Amino acid sequence: MVLNNKQNEEIEPMLDEPIETQENVEDEEFDDVDLTFPLSIDAEDSRRTTLDDAINDRMHPQNTEWPNDIYREFMEIVMEYQLSNSCGDRIIKLIDKSRRAPDENRLPKSTKEGRKFLDVNEFPYMKFKTVPITNFQDTIYNFYYQLIIHGIKVLLLQSDVNEEFIFKYRNNDTSFKTYGEQYESDWWNVTQKNIPPDNHLLSIIIYADSTTCDHLGKTSEHPIYISLGNIPNWMRNKPNSKVLVGYLPKLKAKDNTTRNSEFFRKLQRQVFQRCLRILLSPILNRTDMYFVVKNEIQLFTPKISVILADLAEAATFTATYLPSTSKRPCCFCLIDNEDLNNMALTNVIMRTPEKMREAIDLNQANELSIHADFNFFWKFKNFNIYEATVPDRMHMLDLGITKYLLEFTREFLRQKVNARAVREMDRRLCAIPRYPGLIVLKHGLENISKFTANDYRNIMKVIVFVIDNLYENYEDGFSCKRLCNVFCVYLKMYIMLRQESFTDMDLTELEVNIINFWIQLVKYR
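The structure contained in this document is the topic of the report that follows. Note that the structure is a prediction, hence the values are computed from the model and not measured. (Residues numbered from 1 in each chain as written. Predicted model: local features only at pLDDT ≥ 70, side-chain atom pairs only at ≥ 80, totals over all residues. Heavy atoms only, no water.)

1. A closer look at the overall build of the protein
We apply this condition: Secondary structure follows DSSP: runs of H or I at least 4 residues long count as helices, runs of E at least 2 residues long count as strands, and numbering of each begins at the N terminus. Each residue's exposure class comes from its accessible area (1.4 Å probe, protein chains only) as a fraction of the maximum for that residue type: buried when under 20%, exposed when over 50%, partly exposed otherwise. Contacts: residue pairs with any heavy atoms within 4.5 Å of one another. Per-residue and other accessible areas were derived by the Shrake-Rupley procedure at a 1.4 Å probe size, with only the shown protein chains allowed to occlude residues.
The secondary structure content of the protein amounts to 19 helices and 12 strands. Within the protein, the fraction of its 525 residues that count as buried is 47%. Within the protein, contacts between residues at least 6 apart in sequence are counted, and of these 67% link residues at least 24 apart. Carbon and sulfur atoms form 51% of the exposed surface of the protein, whose accessible area is close to 28,200 Å².

Written as structure tokens, this is what we have:
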């Protein structure tokens, strides 16, 4: 993820505040009177980061005693791919049949036995805690989380993460500047200069998104993960480079009147802020955290660098109005919704914590499309929550623009051409033969509401061929050739945005492609 390289370089030196001050429960800035339970931050959550702790971690690394390595790898596969017990048992029988020595690297007798082993054994830094947050409509909502410090240690226990861990800013060739890694960005360079001299920067990336958990019985959960910007992009995309640190409670109203009430929405925001405060308080403005990296004890200053989310999640983190109902729909800047398609716009005012707090104090929060609530991220020194919160590429491209473009195309064909063109488009998608890397769409785009990001990526591989010569008769002068051109321009932009790094030339070309795409789309509409 590329950070904003124009970030303000005037950052004041950080002050080392005692933990007791940071965890002061009676904070008048928090108006959470609607929550049932008082704020409770366990002092233990902020511990185990001293020099003595790091020495103990180095001398006595915590490990789980597995029966053997094959047993461990088998259970990793079961959990990673959510294999059923019956599927796992078939694999056990197959492996046992092919084994020469019966007792060599024994697997569990059954997958169920392996799951029991996971339940009864303690794994290092993987204990979840439960904190009651509120009692709403006779239902108690809890925050399930593990210590963020433990989450960091889980990441650092990974051997490959340790090997690739970056401590210092890397200044690549200035004559051929490349933007890709956090530790090559101007943000890293500036921040590194403004932490204590003996400290290393620990870049913390937060990712949150509501999701459906199949292995929990098709329940909708709201997990929150962390990763580190100190490791390269290619490694950060691996499963073991992310750690689950909590499940945010999701309030459920019993009727539409309550669901649409201001009280319910405010309660949701308060619950969200309370959970973030419990989770992130242990790293709030800390400059004295010791961790073992590459078998050496290092002193770190943790900094939240990026919060990845979809647009709805971004609005929740920044306490701004949802884009669909907002006069100023961007959580990053204060652009008016009428200027979203203005390619010539130059004077864009950015959101900052100071401006937002001032607007709330002056009762102008509605003018800036922000909720009049205190945001916990304002307590982090030299941190702009509005600049750090960005949509991830999956939501921005696959589940955002791609989804919208396909849905709009179907509606365009239905209104401006005829229903037969829509059916022909679906027929062509269904006719795509099986091929590695492509999906088979049995019903075309009829079930588009259930498509995953991977489905949209596969459709983009063939969409130009699907709509080529799709129709001849049309209204408003928008030919099929022009429609294909819209998708061609978008695909150029799409491919570039999925790159892991960018040069100055790439960014210039990308800017041209983005402008051309929106121009074509405006004509399309």
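So, next bit.
2. Some words on the side chain of Asn375
Heads up, the condition is: Polar contacts here mean pairs of N or O atoms no more than 3.5 Å apart (in protein, one a potential hydrogen donor and the other a potential acceptor; neighbouring residues in sequence count only if both atoms are side-chain atoms).
Here Asn375 shows up in the loop between α13 (353-361) and α14 (385-388). Owing to a relative accessible area of 1%, Asn375 belongs among the buried residues under this scheme. Of the polar contacts made by the side chain of Asn375, one reaches the backbone oxygen of Phe317; its length is 2.9 Å. With near-sequence residues (within four places) excluded, Asn375 lies in contact with Gln273, Phe317, Thr318, Ala319 and Ile385.

3. Looking at the side chain of Ser326
Residue placement: Ser326 occurs in the loop between α12 (311-318) and α13. A polar contact is formed between the side chain of Ser326 and the side chain of Ser369, at a distance of 3.0 Å. The residues touching Ser326, leaving out its near neighbours within four places in the chain, are Tyr321, Asn337 and Ser369.

4. Some remarks on unusual backbone geometry
One non-glycine residue, Arg48, lies in positive phi territory at about 65°. Along the chain, Arg48 turns up in the loop between α1 (19-22) and α2 (51-59).

5. Some thoughts on the environment of Arg423
Looking at where Arg423 falls in the secondary structure, it is placed in helix α16 (residues 419-430). Exposure remark for Arg423: the relative accessible area of 55% places this residue in the exposed category. Between the alpha carbons of Arg423 and Leu413 there is a distance of 9.8 Å; along the sequence they are 10 residues apart.

6. Overview of the nonpolar core
Defined as follows: Working definition of a nonpolar core: buried Ala, Val, Leu, Ile, Met, Phe, Trp, Tyr and Cys residues. They are joined through side-chain atoms within 4.5 Å.
Of all hydrophobic cores here, the largest spans 64 residues; its most connected members are Ile206, Ile226, Leu280, Ile304, Phe377 and Phe380. Looking at which element gives the most residues to this core, the answer is helix α11 (residues 262-280), with 9 residues. Excluding residues within four positions of it along the chain, Leu280 makes contact with Ile148, Ile206, Ile304, Phe376, Phe377 and Phe380. Counting residues in hydrophobic clusters, the runner-up holds 41 residues, among them Leu406, Met425, Val486 and Leu491.

7. Points about helix α15 (residues 393-417)
Note the cut-off: Given a residue, its bend is the angle between the two axes fitted to the seven residues that end at it and to the seven that start from it.
Most pronounced at Lys403, the bend in α15 amounts to some 30°. Within α15, the full set of buried residues consists of His395, Leu397, Asp398, Ile401, Thr402, Leu405, Leu406, Thr409, Arg410, Phe412, Leu413 and Val417.

8. Observations regarding the pattern of salt bridges
The following threshold applies: The term salt bridge refers to a side-chain nitrogen of Lys or Arg lying within 4 Å of a carboxyl oxygen of Asp or Glu.
Taken as a whole and assessed by the stated rule, the structure comprises 15 salt bridges. Asp398 serves as the salt-bridge partner of Arg498, at 3.7 Å between the closest nitrogen and oxygen. Placement of the pair is Arg498 in the loop between α18 (480-497) and β12 (502-503) and Asp398 in helix α15, with a sequence separation of 100 residues. The class of Arg498 is partly exposed, set by a relative accessible area of 37%.

9. A look at the environment of Phe465
Within the secondary structure layout, Phe465 lies in helix α17 (residues 453-467). Once the C-alpha coordinates of Phe465 and Arg428 are considered, the two residues, 37 residues apart in sequence, prove to be 8.9 Å apart.

10. With respect to the packing of α17 against α18
Using the following cut-off: Think of each axis as a best-fit line through the C-alpha atoms, taken over the contacting stretch in the case of a helix, with angles from 0 to 180 degrees between the N-to-C directions. Angle categories: roughly parallel below 35 degrees, roughly antiparallel above 145, roughly perpendicular from 65 to 115, and oblique for all the rest. Note on convention: near helix rotated counterclockwise from far helix by under a right angle means a left-handed crossing. Clockwise means right-handed. Only Asp, Glu, Lys and Arg are considered charged, only Ala, Val, Leu, Ile, Met, Phe, Trp, Tyr, Cys and Pro nonpolar, and every remaining residue, Gly among them, polar.
The interhelical angle for the contact between α17 and α18, taken along N-to-C directions, is 155°, at an axis separation of 9 Å. Here α17 is positioned roughly antiparallel relative to α18, judged by the angle of their axes. For the pair α17 and α18, the crossing hand works out as left-handed. Within the contact between the two elements, α17 uses Arg457, Met460, Ile463, Val464 and Ile467 and α18 uses Cys480, Leu483, Cys484, Phe487, Cys488, Tyr490, Leu491 and Tyr494. Taken together, the residues that form the contact of α17 with α18 break down as 12 nonpolar, no polar and 1 charged.

11. A word on α12
Those residues of α12 that fall on the buried side of the exposure criterion are Glu313, Ala314, Ala315, Phe317 and Thr318. Considering only its buried residues, α12 is in contact with β4 (200-208), α11, β10 (296-309), α14 and β11 (389-391). Where α12 begins, the capping side chain belongs to Asp310, and its oxygen is found 3.2 Å from the backbone nitrogen of Ala312. Phi turns positive, to about 55°, at Ala319, one or two residues after α12.

12. Things to note about a nonpolar patch on the surface
Test applied: Patch criteria: residues need more than 30% relative accessible area and no salt bridge. Like-charged residues are merged within 9 Å; nonpolar side chains of Val, Leu, Ile, Met, Phe, Trp and Tyr are merged within 5 Å.
There is a patch of nonpolar side chains on the surface, built from Leu51, Ile55 and Met59 and spanning about 290 Å² of accessible area. Note that Leu51 resides in helix α2.

13. Comments concerning the packing of aromatic side chains
For clarity, the threshold we go by: Each Phe, Tyr or Trp ring, with Trp reduced to its six-membered ring, pairs with another whose centre is within 6.5 Å; inter-plane angles below 30 degrees give stacked pairs, above 60 give edge-to-face pairs, and intermediate values give tilted ones.
Counted according to the given criterion, the structure contains 20 aromatic pairs. An angle of 35° between the planes, with centres 5.4 Å apart, marks the rings of Phe136 and Phe264 as tilted. With Phe136 in strand β1 (residues 129-136) and Phe264 in helix α11, this pair connects stretches of sequence that are 128 residues apart. The two residues Phe136 and Phe264 agree in class, both being buried. Taking the centre distance of 5.1 Å and the plane angle of 10° together, the rings of Phe143 and Tyr145 count as stacked. Assessed through its relative accessible area of 0%, Phe143 is described here as buried.

14. Some details on the packing of α15 against α18
Following both chains from N to C, one finds α15 and α18 inclined at 175°, their axes separated by 12 Å at the closest point. As summarised for this structure, α15 and α18 are arranged roughly antiparallel, according to the angle between their axes. Residues Arg393, Met396, Leu397, Asp398, Ile401, Thr402, Leu405, Leu406, Thr409 and Leu413 of α15 form the contact with α18, whose participating residues are Leu483, Val486, Phe487, Tyr490, Met493, Tyr494 and Leu497. Here the residues of the contact of α15 with α18 are counted per class, giving 13 nonpolar, 2 polar and 2 charged.

15. Examining the state of the cysteines
Using the following cut-off: Cysteine sulfur atoms that pair up within 2.5 Å are treated as a disulfide.
Here the structure, examined in full by the defined rule, presents 0 disulfides. Cys330 forms no disulfide, and the closest cysteine sulfur to it belongs to Cys333, at a distance of 3.6 Å. Judged by its relative accessible area of 24%, Cys330 is partly exposed.

So yeah, pure geometry; function would need other evidence.
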